[in-house]
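A look at the structure
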Amino acid sequence: VEEVAQAEEVSGVAEVLIEINFFNPAELKVPLGTTVRWVNDDTKPHKIVAYDRTFYGERMQPGSIYEFTFTKAGTYTYFDAIFPKTYRGTIIVE
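The structure contained in this document is the topic of the report that follows. (Residues numbered from 1 in each chain as written. Predicted model: local features only at pLDDT ≥ 70, side-chain atom pairs only at ≥ 80, totals over all residues. Heavy atoms only, no water.)

**A closer look at the environment of Val-36**
In this structure, Val-36 sits in strand β5 (residues 35–40). Owing to a relative accessible area of 0%, Val-36 belongs among the buried residues under this scheme. Taking the C-alpha atoms as reference points, Val-36 and Ala-14, separated by 22 residues in sequence, lie 4.8 Å from one another. Once residues within four sequence positions are removed from consideration, Val-36 is found in contact with Ala-14, Val-16, Leu-28, Val-30, Tyr-66, Glu-67, Phe-68, Phe-70 and Ile-91. (Helix = DSSP H or I, 4+ residues; strand = E, 2+ residues; numbered from the N terminus. Buried < 20%, exposed > 50% of the residue type's maximum accessible area, 1.4 Å probe, protein only. Contact = heavy atoms within 4.5 Å.)

Here's what the structure looks like:
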């Protein structure tokens, strides 16, 4: 059984680190209206894209960030368009 990370409701921002070969956390549960911030903590570029194209980030160089604010409840699965077989994640918005 995998654990689902819970976002801090106070800040309104939750972070996902892009590490070598995975998102940390890979699955994140957030309240409606939360901004998710992906931080490229890897040495390679990445590009965050929702499978349904709800969000579609620009190419992120190491050390850069991409943010998206979730205004609709639902489950959003996403991947890294540069390394699609390795990097996959889920955001659950309640």
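**Topic: the pairing of strand β4 (residues 27–30)**
Side chains on a regular strand alternate between the two faces of the sheet. Side-chain alternation along β4 places Leu-28 and Val-30 on a buried face and Glu-27 and Lys-29 on a face that remains uncovered. Two elements, β4 and strand β9 (residues 88–93), share four bridges in a ladder whose sense is parallel. Bridged to Glu-27 within β9 is Thr-90. (Pairing = 2+ DSSP bridges.)

**Observations concerning unusual backbone geometry**
Leave glycine aside and you will find that most residues have negative phi; peptide bonds, for their part, are mostly trans. In this model, Asn-24 is joined to Pro-25 through a cis peptide bond whose omega is 0°. Looking at the element boundaries, Pro-25 is found in the loop between β3 (22–24) and β4. Positive phi, normally seen in glycine, also occurs at Asn-21, with a value near 75°. Of note, the phi angle at Arg-53 is positive, near 65°, even though the residue is not glycine. With respect to the helices and strands, Arg-53 occurs in the loop between β6 (48–50) and β7 (65–69). Looking at Arg-53, the relative accessible area reads 48%, which means it is partly exposed.

**Some points on the side chain of Thr-34**
For Thr-34, the location among the structural elements is in the loop between β4 and β5. Contacts of Thr-34, omitting those with residues within four sequence positions, involve Gly-12, Val-13, Ala-14, Phe-68, Thr-69 and Phe-70.

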